[in-house]
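Below are the chains, spelled out letter by letter.
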Amino acid sequence: MIPSILPTYNRAPIAFSHGEGAWLSAEDGTRYLDFGAGIAVNALGHAHPELVAALTDQAGKLWHVSNLYQVPQQQRLADLLVEHTFADTAFFTNSGTEACELAVKMARKYWFEKGEGRSRIVAFEGSFHGRSSAGIAAAGSEKMTRGFGPLLPGFSHLRWGDHDALEAALDDDVAAVIVEPVQGEGGIRPMPDACLKGLRELCDRHGILMILDEVQCGMGRTGKLFAHEWAGIAPDIMMVAKGIGGGFPLGAVLATENAASGMGAGSHGSTYGGNPLACAVGVRVMEIMTAPDFLPAVRRRAADLRQALEGLVASHPDIFDHVRGSGLMLGLKCRVPAADFVKAGYSEHLLTVPAGDNVVRLLPPLTIGDDDLAEAVRRLDAAATALA
Ligand SMILES: *Cc1c(COP(=O)(O)O)cnc(C)c1O
């Protein structure tokens, strides 16, 4: 008999009842150290007092109002995003997938309004852009698309790291390129800064719009507010979600004035996107992350963790191959099945997340304390020892 929850997930047999900072408590009272953060969502940890206050304050006043009216919380969040990024404008969604939908629509509409028939979007193998029709067409993997055809047309895919194929594919009929500066689901694969720069130059040469998917790698995860800042480039369109709501469903598409020029009144919409509850939380997340000490502290923690993980890999050469990633978005490339290591972590009461390419993802809250970081490394070590 089919379970009452559609069985699309292989769930671990753990249920959590509450959380605090980097810790989650299971219903049986067991405490787990959370190195998954809801897949990079709980960027400020669980039950952050300022986010709880922002949400509950707003909940007592107004939950929902249509986008037919002014939404001051949404305005404030848009202003903050415009102030702190390349963007001139923002549209709010409830998820990363919806951000992908709009990014694709925006890019195609741009070319339509120019009177040029460009619609093709170039994406990369191993990418993840969500589970909608545009999202799975963009990712293109057999695993995500099998049985769901006919797929949304107009996407082509390039191998990660194949520069020659990239040069050949980017010509004057491509509408946009979509890429994650650090692939998340694909196995914590960063695109080197030089390659992101090169990609930006290729886009500029052919007038192609550059869409960055920073749903997982954005919002402070790599130690900059957005990962592309490390490469010193800026996209035309960017997808944001996960960390921006700190656990409340919220996403956004940010864009330059030029890239957004096709999107006039009536061209797109959302019932819930940009609602007062989500935006009140988003505003607080942005205020916390853009305070002067926040990102330097993330970079310091990231450097400590990276160093500890290099040591861990060196002392368990049969379990791990190498560490990779950026900031607090790190991956352990495994020599045993990554899923086995994640399970061994559960036994040590440590939560990690498997990814593609046999990688275990480490995505702690950006606010994690030094003691919790050290404790997590001890538990990773214990899990590796137990597996050996
Ligand atoms: C999670 C994710 C998405 C999809 O976001 P949802 O909120 O699950 O719809 C898109 N792109 C990337 C890079 C992601 O990590």
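Quick summary incoming for the structure in this document.

About the thresholds
- Starting afresh in each chain, residues are numbered from 1 along the sequence in its written order.
- Under the rules for a predicted model, residues below a pLDDT of 70 receive no local features and side-chain atom pairs below 80 are neither given nor counted, while totals for whole chains, interfaces and linings still include all residues.
- Note: side-chain values were computed over all heavy atoms of the structure, leaving out hydrogens and water.
- Helix and strand labels come from DSSP, where a helix needs a run of H or I of at least four residues and a strand needs a run of E of at least two; each type is numbered from the N terminus.
- To get the radius of gyration, use the C-alpha atoms; to get the globule rule, take the number of residues to the power 0.38 and multiply by 2.2 Å.
- Burial status follows relative accessibility: with a 1.4 Å probe on protein chains alone, a residue under 20% of its type maximum counts as buried, one over 50% as exposed, and anything between as partly exposed.
- Whether two residues are in contact is decided by their heavy atoms: any pair within 4.5 Å suffices.
- Only the protein chains shown count as cover for residues, with accessible areas throughout obtained via the Shrake-Rupley method and a probe of 1.4 Å.
- Positive charge is attributed to Lys and Arg, negative charge to Asp and Glu, and no charge count is given to His or to the chain ends.
- For the purpose of locating charges, the reference atoms are NZ of Lys, CZ of Arg, CG of Asp and CD of Glu.
- Paired strands are those between which DSSP finds at least two bridges.
- Between N-to-C directions, angles span 0 to 180 degrees; the directions come from axes that are lines fitted to C-alpha atoms, helices contributing only their stretch in contact.
- We count a salt bridge whenever a side-chain nitrogen from Lys or Arg sits within 4 Å of a carboxyl oxygen from Asp or Glu.
- Side-chain atoms alone can form a polar contact between residues adjacent in sequence; in general such a contact is a pair of N or O atoms within 3.5 Å, and within protein one must be able to donate a hydrogen while the other accepts it.
- When we speak of the arc, we mean the arc of directions from the helix axis to the C-beta atoms.
- Whether a crossing is left-handed or right-handed is set by the direction in which the near helix is turned from the far one by less than a right angle, anticlockwise for left-handed and clockwise for right-handed.
- Throughout, the ten residues Ala, Val, Leu, Ile, Met, Phe, Trp, Tyr, Cys and Pro are labelled nonpolar, Asp, Glu, Lys and Arg are labelled charged, and all others, Gly among them, are labelled polar.
- Here a Phe, Tyr or Trp ring, Trp counted by its six-membered ring, pairs with any other such ring whose centre lies within 6.5 Å, and the pair is stacked when the planes are under 30 degrees apart, edge-to-face when over 60, and tilted otherwise.
- Consider the ring centre and the ring normal. A charge sits over the ring if Lys NZ or Arg CZ is within 6 Å of that centre and within 35 degrees of that normal.

## A word on the overall build of the protein chain
Then, in step 1: Regarding its fold elements, the protein chain presents 12 helices and 17 strands.
Then, in step 2: Taking 21 Å as the expected radius of gyration for a compact globule of 388 residues, we find that the protein chain reaches 21 Å, a close match to that expectation.
Then, in step 3: Across its three principal directions, the C-alpha atoms of the protein chain cover 60 × 55 × 55 Å.
Then, in step 4: Classification of the 388 residues of the protein chain by burial places 52% in the buried group.
Then, in step 5: Sequence separation of at least 24 residues holds for 72% of the intrachain contacts in the protein chain that already meet a minimum separation of 6.
Then, in step 6: Working note: accessible area of the protein chain is about 17100 Å², and carbon and sulfur atoms make up 53% of it.
Then, in step 7: Averaged over its 33 positive side-chain charges, the protein chain has a centre that lies 2 Å from the centre of its 45 negative ones.

## Notes on the sheet that holds strand β12 (residues 251-255)
Then, in step 1: Spatial strand order, β4-β12-β11-β10-β7-β5-β6: 7 strands in an open sheet with mixed pairing. On the outer flanks of this sheet lie β4 (89-93) and β6 (155-158), each paired with one strand and no other. On average, each strand axis in the sheet is tilted by 20 degrees relative to the strand beside it, whichever way the strands run.
Then, in step 2: Examined bridge by bridge, strand β5 (residues 120-124) and strand β7 (residues 174-179) share 3 bridges and lie parallel to one another.

## Examining the side chain of E180
Then, in step 1: Relative to the helices and strands, E180 resides in the loop between β7 and β8 (182-183).
Then, in step 2: No salt bridge is formed by the buried E180. Its closest oppositely charged neighbour is K242, at 7.6 Å.
Then, in step 3: Here the side chain of E180 touches F128 through a polar contact of 2.8 Å, landing on its backbone nitrogen.
Then, in step 4: Among all residues touching E180, those that are not within four sequence positions of it are G126, S127, F128, H129, W160 and D213.

## Let's talk about helix α2 (residues 49-59)
Then, in step 1: Among all positions of α2, only L51, A54 and Q58 are buried. Down the axis of α2, the smallest arc covering the buried residues is 60 degrees, so these residues share one side.
Then, in step 2: Check the buried side of α2 and you find it contacts α3 (72-84) and α9 (276-289).

## Considering the packing of α3 against α9
Then, in step 1: The geometry of α3 relative to α9 is characterised by a closest axis approach of 8 Å and an angle of 30 degrees between their N-to-C directions. With respect to the hand of their crossing, α3 and α9 are arranged in left-handed fashion. In this structure, α3 contributes Q73, Q74, R76, L77, L80, L81 and H84 to the contact, and α9 contributes P276, C279, A280, G282, V283, M286 and E287.
Then, in step 2: Here the residues of the contact of α3 with α9 sort into 8 nonpolar, 4 polar and 2 charged.

## Details of the packing of aromatic side chains
Then, in step 1: Evaluated as defined, the whole model comprises 4 aromatic pairs.
Then, in step 2: For the pair F16 and Y32, a centre-to-centre distance of 5.5 Å together with 85 degrees between the ring planes defines the contact as edge-to-face. A residue pair is termed long-range when its members are at least 10 positions apart, and F16 in strand β1 (residues 16-20) and Y32 in strand β3 (residues 31-34) qualify at 16 residues.
Then, in step 3: Accessibility expressed as a relative area gives 34% for F16, which makes it partly exposed.
Then, in step 4: Under the relative-accessibility criterion, Y32 is labelled buried at 9%.
Then, in step 5: Here F320 and F341 contribute two aromatic rings whose centre-to-centre distance is 5.2 Å and whose plane-to-plane angle is 70 degrees, an arrangement assigned as edge-to-face. Residue F320 is located in strand β13 (residues 320-326), and its partner F341 is located in helix α11 (residues 338-347); the two are separated by 21 residues in the primary sequence. Considered together, F320 and F341 belong to a single accessibility category, that of buried residues.
Then, in step 6: One cation-aromatic arrangement involves R31 over W23; the distance from NZ or CZ to the ring centre is 4.4 Å.
Then, in step 7: Between K224 and the ring centre of W230, over which it is positioned, the NZ or CZ distance is 4.8 Å.

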